[in-house]
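# Per-entry structural report
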Amino acid sequence: MAASLTVPAPASARPSSRGRRTGWIADVALAALTVVLFVAVALATGVRRPWDGVIPVALVLGALLLVRRRWPMTVLLLSVAAVFAYHWGHPSPAGWIWPVAAAYFTAAAASRTRWVVAVGVAQLVYSAVDASGIAGRNLTRYLVHTLGEGLLLAALVAAGLAYAASLRRRDLLREAEYRARAAEERLSVAREVHDIVAHTLAVVGVHLNVAADTLREEPAEAAAALGLAQDVRNRAMKDLNALIAVLREDPAGTAPQPDASSIGVLVADARAAGLDVTLHEHGDLSTIPATASVAVHRIVQEALANTLRHSGATMAEVTVDRRPRSVTVEIADDGKGDPSGGVTEGNGLTGMRERVRALGGTLTAGPAPTGFAVRAEIPVAGSPE
């Protein structure tokens, strides 16, 4: 195949064990950090018996963070309640917002903005009232305490919203990438099916016409034409079965794709159909990378099929030139071409152009001095030369 035909689902739609493991590590780290900071700040502010309220509350806050992703709003409410309980039983200058910073951030990132703001404002109001006794003694300290808590809350909510927006943007980009890849795979399948079927119908059609014309007068010739048509049909069925096996991801049934080494078979089919074809091969075609080699085969296949079906040509010349950094393939015939001098692109020519463009090459098709010509040049990166 010119390209893999398996399109993975978007990363956002597939569970990732690595992502779950990383999230769990982050949750444990946040829980441990919250416990350590809460106890450390309490000790720094004069608490002498940490087991009498400080450590139990710190452990509760840390344990809640282990399930913050699953129940963000519940974790926030329980965390705020734990902080209230601590302050009611243990008057302390320790903050109200920072001990539950991770819970606020997670709930805001989970798009619970209104509830988060409502809970935060309620906690700030109570904090301001609870600390009002400080205002009479030290107004500056009171304002710093109150405004600092408010700014921290606003920063946590803003950070959570920004994080949620970045996740949505990432998922949209992944979905767009998935859709683009799926579209490219559909085009790839369409090109493969068209090339196989078009070539088969063209060659088989010629042999059937010969058989129909000679059936009565030359039955032996008619039988030979039918035999050739049957051979071409059998090869086409093998190609289609190989394509279907790849689409079904069935390794046991996957057959090698035709490549530049089997161009001689295409030429022989065209000759058997009555077209005088000359083949010129320059360089070692076996060194052409697989993707480019398949493309060369398909270009020759489609061009000869078009010659048999449309041009009315009697002669054609196929040239494949393996160069150090590229491979060039040209198919020229003595057919009538387009009398208007233009090129009408059907599915076959469009498919060839898309196939070559996907490999970074160029393709030209149009009237030539003796008829009609198709020429493709495909770069070959990383070749032995």
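Anything mentioned here points back to the structure above.
Structural notes, computed from the coordinates. (Residues numbered from 1 in each chain as written. Predicted model: local features only at pLDDT ≥ 70, side-chain atom pairs only at ≥ 80, totals over all residues. Heavy atoms only, no water.)

## Considerations on the overall build of the protein
- Across its full length, the protein carries eleven helices and five strands.
- Classification of the 385 residues of the protein by burial places 39% in the buried group.
- Total accessible area on the protein is roughly 20700 Å²; 61% of this is exposed by carbon and sulfur atoms. (Helix = DSSP H or I, 4+ residues; strand = E, 2+ residues; numbered from the N terminus. Buried < 20%, exposed > 50% of the residue type's maximum accessible area, 1.4 Å probe, protein only. Areas by Shrake-Rupley, 256 points an atom, 1.4 Å probe, with all protein chains shown as cover.)

## A word on the pairing of strand S3 (residues 326–333)
- In terms of residue burial, S3 counts as a mostly covered element, since six of its eight residues are buried.
- Across seven bridges, strand S2 (residues 315–322) lies against S3 in antiparallel orientation. Looking at the pairing, Val-318 lines up with Ile-331 of S3.
- Here S2 folds back onto S3, and the loop between the two strands holds three residues.
- Pairing of S3 with strand S5 (residues 371–379), which is carried by eight bridges, proceeds in the antiparallel orientation. If you follow Ala-332 over to S5, its bridge partner there is Ala-373. (Pairing = 2+ DSSP bridges.)

## Thoughts on the environment of Leu-266
- Within the secondary structure layout, Leu-266 lies in helix H9 (residues 263–272).
- Note on Leu-266: relative accessible area 4%, which makes it buried.
- Considered as a pair, Leu-266 and Arg-298 are 32 residues apart in the sequence and their alpha carbons are 9.8 Å apart.

## Details of a nonpolar patch on the surface
- A grouping of Trp-24, Val-28, Leu-66, Val-67 and Trp-71 is seen on the molecular surface, where their side chains present a nonpolar patch of about 450 Å² in accessible area.
- Mapped onto the elements of the fold, Val-28 is located in helix H1 (residues 17–44).
- Val-28 sits in the partly exposed class, given a relative accessible area of 38%. (Patch = residues over 30% accessible without salt bridge, like charges linked within 9 Å, V, L, I, M, F, W, Y side chains within 5 Å. Salt bridge = Lys/Arg side-chain N within 4 Å of Asp/Glu carboxyl O.)

## Comments concerning the packing of aromatic side chains
- Here the structure, examined in full by the defined rule, presents six aromatic pairs.
- Here the aromatic rings of Phe-38 and Trp-98 are separated by 6.2 Å at their centres, their planes lie at 45 degrees, and the arrangement is tilted. Here Phe-38 is found in helix H1, whereas its partner Trp-98 is found in the loop between helix H3 (72–89) and helix H4 (101–109), with 60 residues between them in sequence.
- Phe-38 sits in the buried class, given a relative accessible area of 3%.
- Residue class for Trp-98 comes out partly exposed when judged on its relative accessible area of 25%.
- Ring centres of Phe-105 and Tyr-163 lie 5.7 Å apart, and the angle between their planes is 45 degrees; this geometry places the pair in the tilted category. On the criterion of sequence distance, the pair formed by Phe-105 in helix H4 and Tyr-163 in helix H7 (residues 139–214) is long-range, its members being 58 residues apart.
- By relative accessible area, which is 39% here, Tyr-163 ends up partly exposed. (Phe/Tyr/Trp six-rings, centres within 6.5 Å; stacked < 30°, edge-to-face > 60°.)

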